[in-house]
Amino acid sequence: EIEGWILTIDIAQLQLEKQLGGDTMVRTEALRDAIKILEAEVEPAQQTGIELLQKRVQLFKADIHRLYGETGKAFSIWSALSRDESIERSWQAKSLLGLTQLALELGDLGAAEQMVTHLNHSKFATEPFIRDAAIQKWLEAVIHNDISNPYGELETIIHRHAAHPIIALRAGILQAERQQE
């Protein structure tokens, strides 16, 4: 029963991402209606009383809260789930990715860096796609930050993350690409 519900929620999550097409806000009534349908599909999992399923539904709902601009609710959910050792690592990693995105939306590059560094921990080694997405989003925000010198900032990141080779390597690649421009 649990696996079936988790699969249902995962499918709803994928459908949501597909319908958004990379957007981060609900801009049309059609999308709002589609989200309500997806929420209705996963709601029975919340009602099962199974704590693990309720947490997976919360992870799904955090994305919806963010889409509606309810960042406080999304933050609370992602923050709690990112530290919850009773859930799958991928759910923790997705929560950290959500927190990274929120930090970037608020312009807090330092907080985003903390989330990326946390995702770089060996316990998330099985989640390279989520980790790499967070690193890429953060580094892109760094180079598009009007306040700092992107080249110098990338150099600083490379040195600061010498103990995190994946982060340093990504920053180095981005720095080399910027030099070629």
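Conventions we followed
- Residues numbered from 1 in each chain as written.
- Predicted model: local features only at pLDDT ≥ 70, side-chain atom pairs only at ≥ 80, totals over all residues.
- Heavy atoms only, no water.
- Core = buried A, V, L, I, M, F, W, Y, C linked by side-chain atoms within 4.5 Å.
- Buried < 20%, exposed > 50% of the residue type's maximum accessible area, 1.4 Å probe, protein only.
- Helix = DSSP H or I, 4+ residues; strand = E, 2+ residues; numbered from the N terminus.
- Expected span 1.5 Å × (residues − 1).
- Contact = heavy atoms within 4.5 Å.

A few points about the nonpolar core
Thought 1: Within the largest apolar cluster, 33 residues are counted, with the highest numbers of intra-cluster contacts made by Trp78, Leu119, Trp138, Leu139 and Ile157.
Thought 2: Mapped onto this core, the elements with two or more residues apiece are α3 (51-67), α4 (71-82), α5 (89-105), α6 (109-119), α7 (128-143), α8 (150-160) and α9 (165-180).
Thought 3: If you look at the next biggest cluster of nonpolar residues, it comprises 14 residues, including Ala12, Leu20, Leu31 and Val42.

Concerning the environment of Asp146
Thought 1: Residue placement: Asp146 occurs in the loop between α7 and α8.
Thought 2: Distance in space between the C-alpha atoms of Asp146 and Phe124 is 32 Å, their sequence separation being 22 residues.

Description of α7
Residues three or four positions apart in an α-helix share a direction because the helix packs 3.6 residues into each turn.
Thought 1: Helix length check: α7, at 16 residues, gives a terminal C-alpha distance of 22 Å against a target of 22 Å (1.5 Å per residue), a fit within 8%.
Thought 2: Taken together, the buried positions of α7 are occupied by Ile130, Arg131, Asp132, Ala134, Ile135, Trp138, Leu139, Val142 and Ile143.
Thought 3: For α7, the secondary structure elements touched by its buried residues are α5, α6, α8 and α9.

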